[in-house]
Amino acid sequence: MNVLETIDTPVGSYAPDFELPGIDKQVHHLRRYLESFRAVGVILMSNHCPYVKLYVERLKSIQTEFYKQGFTLIGVNGNDVSQLPVESFENMQAFAADRKLNFPYLWDSTQDVTRSFGASKTPMAFLIDKEGILRYKGLIDDYPQDPLAVKKHFLKAAIASLVQGKEIFPKETEPVGSALVWRD
């Protein structure tokens, strides 16, 4: 499995705009989401990652909790399907249907978006404000194994701060999860 250098978009800079196909067979544009929502959370995720599987219900809960406040999540799969066939578009559709995802799940087959964000692991969260500025990146929370043991809800706190116009702290955390699989 290949390790590839990423661009690593820093917090405080413009998030990379993207246009990616979703499992709903529609093309999704980040810019259009930013026109409709106060904040967008991009979650780099995958079908096979055990950490993503631990977080799916929490992500659905975050989507439900903050949607009416002008927030939406977008899942993006940027793993190399040639090395991990479980990451195929068809398997993404099955993964989303099986888990009843309540947010879009997009496929980054070229890995350009994944690389531009600076993602290194799945899951990894990126919170973007209405102007397209990356305001937070890293962990969803501090305890992937057990939602009841979570002490720090990093992504939820960042979203709440952003929609209330408050300072986000911390702005960045080190992600924990499965390493992204890059194309050769």
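Structure first, text after, so check above.
If you're wondering where the values come from, they're calculated on a predicted model, not measured in any experiment.

Chemist: Quick question: what am I supposed to make of the sheet that holds strand β7 (residues 124-129) here?
Modeler: Think of a sheet as strands paired side by side through backbone hydrogen bonds, with each pair either parallel or antiparallel. Taken in spatial order, the 5 strands line up as β5-β4-β3-β7-β8 in an open sheet, and their pairing is mixed. Both edges of this open sheet fall to β5 (105-107) and β8 (134-138), since each of them pairs with a single strand only. Each neighbouring strand pair of the sheet contributes to a mean axis angle of 20 degrees, computed without reference to strand direction. Across 6 bridges, strand β3 (residues 39-44) lies against β7 in antiparallel orientation. Looking at the pairing, Ile-43 lines up with Ala-125 of β7. Helix α3 (residues 89-99) rests against β4 (71-77) and β5 of the sheet, and its axis sits at about 170 degrees to β5.

Chemist: Explain the pattern of salt bridges to me, please; I cannot follow it from the model alone.
Modeler: Opposite charge on two side chains makes pairing possible when the charged atoms of those side chains draw close. Taken as a whole and assessed by the stated rule, the structure comprises 8 salt bridges. A salt bridge links Lys-60 to Glu-57; the nearest nitrogen and oxygen atoms lie 3.2 Å apart. Here the residue Lys-60 and the residue Glu-57 both occupy positions in helix α2 (residues 50-67), the gap between them amounting to 3 residues, near one helical turn. Residues Lys-156 and Glu-65 are paired through a salt bridge, measuring 3.2 Å at the closest nitrogen-oxygen approach. Taken together, the residues span a long stretch of sequence, with Lys-156 in helix α5 (residues 154-163) and Glu-65 in helix α2 at a distance of 91 residues.

Chemist: Explain α3 here, please?
Modeler: One turn of the α-helix equals 3.6 residues, which is why residues spaced by three or four share an orientation. Phe-89, Met-92, Phe-95 and Ala-96 are the residues of α3 that are buried. For α3, the angular spread of the buried residues around the axis is 115 degrees, confining them to a single face. Across α3 from its buried face, at more than 90 degrees, point the exposed residues Glu-90, Ala-97 and Asp-98. Looking at the buried positions of α3, the neighbouring elements they touch are β1 (19-21), α2, β4 and β5. Phi for Lys-100, located one or two positions after α3, is positive at around 50 degrees.

Chemist: How should the pairing of β7 be read in this particular structure?
Modeler: Of all 6 residues in β7, 6 are buried, a share of seventy percent or more. Where burial is concerned, the two faces of β7 agree: the one with Met-124, Phe-126 and Ile-128 and the one with Ala-125, Leu-127 and Asp-129 are both buried. Connecting the antiparallel pair β7 and β8 is a turn made up of 4 residues, with Gly-132 showing a positive phi of about 90 degrees.

Chemist: Quick question: what am I supposed to make of the side chain of Thr-114 here?
Modeler: As for its placement among the helices and strands, Thr-114 is situated in helix α4 (residues 112-117). Classification of Thr-114 by relative accessible area gives buried; the value is 0%. Apart from the residues lying within four places of it in its own chain, the contact partners of Thr-114 are Leu-44, Val-76, Gly-78, Asp-108, Ala-119, Leu-180 and Trp-182.

Chemist: How should unusual backbone geometry be read in this particular structure?
Modeler: Negative phi values dominate among residues other than glycine, just as trans dominates among peptide bonds. Here the amide bond leading from Thr-122 into Pro-123 is cis, since omega sits at -5 degrees, within 30 degrees of zero. On the secondary structure map, Pro-123 appears in the loop between β6 (121-122) and β7. A cis geometry characterises the amide bond from Phe-169 onward to Pro-170, with omega recorded as -5 degrees. Relative to the elements of secondary structure, Pro-170 occurs in the loop between α5 and β9 (178-179). You will see that Lys-25, though not glycine, has its phi angle at about 65 degrees, which is positive. Within the secondary structure layout, Lys-25 lies in the loop between β1 and β2 (27-29). Phi is positive for Lys-100, close to 50 degrees, though the residue is something other than glycine. With respect to the element layout, Lys-100 can be found in the loop between α3 and β5. Assessed through its relative accessible area of 62%, Lys-100 is described here as exposed.

What counts and what doesn't
- Residue numbering note: each chain is counted from 1, following its sequence as written.
- For a predicted model such as this one, the threshold for reporting local features is a pLDDT of at least 70, and the threshold for listing and counting side-chain atom pairs is 80 or more; totals across whole chains, interfaces and linings nevertheless cover every residue.
- Computation of side-chain values covers all heavy atoms of the structure but excludes hydrogens and water.
- Strand pairing is assigned whenever DSSP identifies at least 2 bridges connecting the two strands.
- What counts as a helix is a DSSP run of H or I of at least four residues, what counts as a strand is a run of E of at least two, and both are numbered from the N terminus.
- Lines fitted to the C-alpha atoms define the axes, with helices restricted to the stretch that makes contact. Angles between their N-to-C directions range from 0 to 180 degrees.
- It only takes one pair of heavy atoms within 4.5 Å for two residues to be counted as in contact.
- We define a salt bridge as a contact between a side-chain nitrogen of Lys or Arg and a carboxyl oxygen of Asp or Glu at a distance within 4 Å.
- The cut-offs for exposure are 20% and 50% of the maximum accessible area for each residue type, with area from a 1.4 Å probe on protein chains only; residues under the lower value are buried, those over the upper are exposed, and the others partly exposed.
- Think of the arc as the fan of directions from the helix axis to the C-beta atoms.

Distances and angles like these do not, on their own, reveal function.
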